[in-house]
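Below, each chain spelled out in residue letters.
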Amino acid sequence: MRTGSRVLLVLLFPVWGSAAAVNGDLTVRPACKPGFSEEDYTAFVSQNIMEGQKLLKVKFNNCAGNKGVRYETNSLDFKVRADGTMYAAHRVQMPSKQLILMVIAWDPQTLGRWEAIVRLLVAEKFQHSGHKPKGRRTMPGELAQPQSDTLLPWRQHQSANGLRRQKRDWVIPPINVPENSRGPFPQQLVRIRSDKDKEIHIRYSITGVGADQPPMEVFSIDPVSGRMYVTRPMDREERASYHLRAHAVDMNGNKVENPIDLYIYVIDMNDNRPEFINQVYNGSVDEGSKPGTYVMTVTANDADDSTTANGMVRYRIVTQTPQSPSQNMFTINSETGDIVTVAAGLDREKVQQYIVIVQATDMEGNLNYGLSNTATAIITVTDVNDNPPEFTTSTYSGEVPENRVEVVVANLTVMDRDQPHSPNWNAIYRIISGDPSGHFTIRTDPVTNEGMVTVVKAVDYEMNRAFMLTVMVSNQAPLASGIQMSFQSTAGVTISVTDVNEAPYFPTNHKLIRLEEGVPTGTVLTTFSAVDPDRFMQQAVRYSKLSDPANWLNINATNGQITTAAVLDRESDYIKNNVYEATFLAADNGIPPASGTGTLQIYLIDINDNAPELLPKEAQICEKPNLNVINITAADADIDPNVGPFVFELPSVPSAVRKNWTITRLNGDYAQLSLRIMYLEAGVYDVPIIVTDSGNPPLYNTSVIKVKVCPCDENGDCTTIGAVAAAGLGTGAIIAILICIIILLTMVLLFVVWMKRREKERHTKQLLIDPEDDVRDNILKYDEEGGGEEDQDYDLSQLQQPETMDHVLNKTPGVRRVDERPIGAEPQYPIRPVIPHPGDIGDFINEGLRAADNDPTAPPYDSLLVFDYEGSGSTAGSVSSLNSSSSGDQDYDYLNDWGPRFKKLADMYGGGEED
């Protein structure tokens, strides 16, 4: 910036400014109008403001002596006394270079409300010498001085040596623009002027958000005069402030002054209603709650400035439905929106739900100036267990047959005024007396809440004919504090037991007896009797068998005496673990009859009634001793002590047994059988052995073991031939078996060869047809002459007459074989008679056969033989002219003269008689 320049900032508020007209004369004021002396006050303060420090004094006149006028601010940090003095409510540190407040004057008599703006500027960056703060007016009696709102960033000082310009920066106060202005637009805000505009032409411009940055063209400036305008209404909720920079350049675009920062603040207006977060709020409170119990919180937000009264929301309850038991059951905290109870008497059984209309108003709840909105709070009174369940009657009765379980005897009904199907309503029943044995229980019906008295343990008429129960009912949830049980929560239940015909029963079931096996038939074992529990009924009991697997027992039908019907054998398959089981039936003669079953178990004691058996039954041994032996043992159906140790011995008769064999004892259960002699001829030998057990008395058995004696190899194993020999087949028998096998294989081979030869002859043999057969209208297969046209690629054009013969070479006439069309001049043949001579045709065919057979170039398959080309004409005409009807007058007898080759054709058309 050049030395000697200065910038003038002219603040102009043509629309909403409130400065009085000054024309060099005294200010002319109209009649008394209530309001502040200024709309905008400015005070210079330090960075830190002490508690109670006076800032400035606002002047207000309500044209009635200011009696009762109250002042307030939109900030909790500052307050205004009754004389208009603004002071700090507590210690405050300025958050920025400028703080804008609003002072409100309220007249309670007229309910009038007036506002003024207060700007607090930090004083350390301002020069106060010769400067009159904005908002001051020329008072009456003073000289009228032209008011100047020009701020000089560079001040001029005069000294003895003349003028000297000293550069010092000023803080440009922010420009305040109220939102929602109605225009007209554009509205002038300020004028920016450089003192150099008298020397050169200067162009002014502004940059920043709202000028050349989105949102575009909110502010504009006259480039010549420097007047800055706002072009449309402002919305603080859209944007609260703007930061612009003003530029001054010459006509060539050269910078004349440094850019100046301009801060534009949008002054909030109360143009937004409070909005509840939810239109409907749901809360709950227990019935019987004390006053002051928290219920819920409602919240409303105001888009206006929350630091001013425009955005300060207060709550109140408008209506409450129903107004029972009081019209003011709830209250709301005006600042937080907390709803609490304010009166006692909440009873869910009377009022289950309250609907409360809550109103939120800004301007700190001032209904005259604030904007309001409403929401609905639905408060549900939740149930507490303040009503004990009560029986609908004091006594109940029921009846149950004896020996029945899971039977509902009686239904107990109760009444509970608490919320149905909740723990406060659900009933729990208890039997407190009258059932020491636990025959009954009481279950709750989940739907009706009734108590169902149910039999869980069978009752006996002969033991108890009636029960007197005392039952008590309570809730699943405990009673609320201070609530006592009702005397109606206890009742009596009388249950009668009816007698029914009960089945007889066996006192000892299963009954076990012990006896030795083998007792004779008819032996009395025991008496298996039943008892009839019906003591008050005279009934007879009869017995019968229900299950006797081996049919060994009998029972007396009147007294239940058990006798044997056969000999009891412990080794029988019907015995399991030495025990035999039988089931018997005891039935009475009641109406209807009843029966019971009992099981008798007989434990059979073993006796030595089974001789031991030798094992194994067959064995194999080498023909020479000392190579191997046979281990033998015994099996006994009895049990200890009637089994081993066993005694093994060879009988003395026949004498050859002890001569050839010997037995060596190993232990009480095993022994070894071996050869006594040095060699025994191969074969099968029956060796008798006497086996004796250790019973008392002992039993013995002579068992025979078949021993195969065979030649063995060096390992002691029988050879194959030896095994066969030992089986009883000699060498001659073995040879005979082998010869038979060879003969059988030879016959099978000859049969296969014969079948193949026969198949070959069948294919090569010519198919002969009996001459007696009528072959007309049939296909006759004389022989296979090749594949024919199906597998031969013939040029059938050879059968047609050539169109030109110019290119054909002459060939030797005569019969020949070629594989192409005949070449050479077409020979001329005499016209044959209609009936050809049989000899000529035969000679012609025979000559062709000889030529074909003698041709060395003929392939080994059938091919097309061209005997001669017969020309283009035919005296026979079309083949279709042939008549196959047997009624024609054509004579075919000449075919008989053509030899045996045409015999079949002569038989078909010659009319010869059939043999």
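Residues numbered from 1 in each chain as written. Predicted model: local features only at pLDDT ≥ 70, side-chain atom pairs only at ≥ 80, totals over all residues. Heavy atoms only, no water.

Undergrad: Hey, could you run me through the overall build of the protein chain in this one?
TA: Assigned secondary structure in the protein chain consists of five helices and 54 strands. For the protein chain, with 915 residues in total, the buried portion stands at 35%. Once local pairs closer than 6 in sequence are excluded, the contacts in the protein chain between residues at least 24 apart make up 66%. As displayed, the protein chain has an accessible area near 55,100 Å², and 52% of this comes from carbon and sulfur atoms. (Helix = DSSP H or I, 4+ residues; strand = E, 2+ residues; numbered from the N terminus. Buried < 20%, exposed > 50% of the residue type's maximum accessible area, 1.4 Å probe, protein only. Contact = heavy atoms within 4.5 Å. Areas by Shrake-Rupley, 256 points an atom, 1.4 Å probe, with all protein chains shown as cover.)

Undergrad: Whenever I open this one, unusual backbone geometry confuses me. Can you help?
TA: Backbone phi values are negative for most residues with the exception of glycine, while trans is the configuration of most peptide bonds. At the junction of Ser 324 and Pro 325, the peptide bond is cis and its omega measures out at -5° in the coordinates. Its location among the elements puts Pro 325 in the loop between strand E26 (314-321) and strand E27 (330-332). The amide bond that connects Asp 640 to the next residue, Pro 641, takes the cis arrangement and shows omega of 15°. The topology assignment puts Pro 641 in the loop between strand E49 (630-635) and strand E50 (647-649). We note that Asn 551 has phi near 55°; this positive angle belongs to a residue other than glycine. Position of Asn 551 among the secondary structure elements: in the loop between strand E42 (541-547) and strand E43 (553-555). Accessibility expressed as a relative area gives 49% for Asn 551, which makes it partly exposed.

Undergrad: It is not clear to me how the side chain of Asn 385 should be interpreted in this structure. Could you clarify?
TA: Looking at where Asn 385 falls in the secondary structure, it is placed in the loop between strand E30 (372-382) and strand E31 (390-391). Separated by 3.3 Å, the side chains of Asn 385 and Asn 475 make a polar contact. At 2.8 Å, the side chain of Asn 385 forms a polar contact with the backbone oxygen of Ala 477. If we skip the residues at most four places from it in the chain, Asn 385 touches Asp 418, Asn 424, Asn 475, Ala 477, Pro 478, Leu 479, Ala 480 and Ile 483. (Polar contact = N/O pair within 3.5 Å; in protein donor to acceptor, adjacent residues only side chain to side chain.)

Undergrad: For this particular structure, what's the right way to read the sheet that holds strand E39 (residues 490-498)?
TA: Strands in a sheet are paired, the pairing made by backbone hydrogen bonds, and the direction either parallel or antiparallel. Spatially, E32-E39-E38-E35 is the arrangement adopted by the four strands of the open sheet, whose pairing is mixed. The open sheet has two edge strands with one neighbour each: strand E32 (395-401) and strand E35 (427-433). Sheet twist, expressed as the average angle between the axes of neighbouring strands with direction ignored, equals 30°. Where strand E38 (residues 466-475) lies against E39, seven bridges are found, and the strand directions are antiparallel. In the strand pairing of E39, Met 472 is matched with Thr 490. (Pairing = 2+ DSSP bridges. Axes fitted to C-alpha atoms, helices over the stretch in contact; angles between N-to-C directions.)

Undergrad: Hey, could you run me through the confidence of the model for the protein chain in this one?
TA: Low pLDDT marks regions whose predicted coordinates should not be analysed in detail. With 77% of its residues at a pLDDT of at least 70, the protein chain reaches an overall mean of 78. In this model, residues 125-170 is a region of pLDDT below 50 whose contacts with residues beyond four sequence positions or in other chains number 81 contacts. Contacts for the low-pLDDT stretch residues 811-830, under 50 throughout, to residues beyond four places or in other chains number 51 contacts. (pLDDT = per-residue confidence, 0-100.)

Undergrad: So what exactly am I meant to see when it comes to empty space enclosed by the protein here?
TA: Rolled over the atoms, a probe sized like a water molecule indicates the empty space that remains. Counted under the stated rule, the structure contains three cavities of 30 Å³ or more. Approximately 60 Å³ is the volume attributed to the largest cavity. Looking at the largest cavity, it is lined by twelve residues, and the ones nearest its centre are Ile 192, His 247, Ala 248, Glu 257 and Ile 260. Among the secondary structure elements, those contributing two or more residues to the lining of the largest cavity are strand E16 (187-194), strand E20 (241-250) and strand E21 (255-267). No other element matches E21, which puts four residues into the lining of the largest cavity. Classifying every residue of the lining of the largest cavity by side-chain character gives seven nonpolar, three polar and two charged. (1 Å grid on protein atoms, 1.4 Å probe; cavity = no way out; pocket = protein on both sides within 12 Å on 5 of 7 lines; lining within 4 Å. Points joined across faces, edges and corners; volume = space filled by probe spheres on them. Nonpolar A, V, L, I, M, F, W, Y, C, P; charged D, E, K, R; others polar.)

Undergrad: Whenever I open this one, the state of the cysteines confuses me. Can you help?
TA: Note on terminology: a disulfide is the covalent bond linking the sulfur atoms of two cysteines. One pass over the full model with this rule turns up two disulfides. Paired by a disulfide, Cys 32 and Cys 63 hold their sulfur atoms 1.8 Å apart. Judged by the torsion about the S-S bond (-100°), the Cys 32/Cys 63 disulfide is left-handed. Residue Cys 32 is found in the loop between strand E1 (7-11) and strand E2 (35-36), and its partner Cys 63 is found in the loop between strand E6 (60-61) and strand E7 (70-73); the two are separated by 31 residues along the sequence. Two residues share a disulfide in this structure: Cys 622 and Cys 712, whose sulfurs sit 1.8 Å from each other. Across the S-S bond of Cys 622 and Cys 712 the torsion is about -105°, and the bridge reads as left-handed. Note that Cys 622 is positioned in strand E48 (residues 618-622) and Cys 712 in the loop between strand E54 (700-710) and helix H2 (720-727), a separation of 90 residues in sequence. (Disulfide = S-S within 2.5 Å.)

Undergrad: What exactly am I supposed to notice about the packing of aromatic side chains here?
TA: The description of two aromatic rings rests on the distance between their centres and on the angle between their planes. Taken as a whole and assessed by the stated rule, the structure comprises 17 aromatic pairs. Ring pairing ties together the aromatic residues Phe 36, Phe 60, Tyr 71 and Trp 114, which thus form one cluster. Stacked on the ring of Tyr 87, the Lys or Arg Arg 81 has its end atom at 4.1 Å from the ring centre. (Phe/Tyr/Trp six-rings, centres within 6.5 Å; stacked < 30°, edge-to-face > 60°. Lys NZ or Arg CZ within 6 Å of the ring centre and 35° of its normal.)

Undergrad: I'm lost on the nonpolar core in this one. Help?
TA: Counting residues in hydrophobic clusters, the biggest one holds 25 residues, and the most contacted among them are Ile 206, Phe 219, Met 228, Met 234, Leu 244 and Ile 264. Within the residue set of this core, elements represented by two or more residues are strand E15 (175-178), E16, strand E17 (202-208), strand E18 (219-221), strand E19 (227-230), E20 and E21. Examining the composition of this core, we find that five residues originate from one element, E21, more than from any other. Residue contacts for Met 228: discarding those within four places in its chain leaves Ile 175, Gln 187, Gln 188, Leu 189, Val 190, Ile 206, Ser 220, Ile 221, Leu 244, Leu 262 and Ile 264. (Core = buried A, V, L, I, M, F, W, Y, C linked by side-chain atoms within 4.5 Å.)

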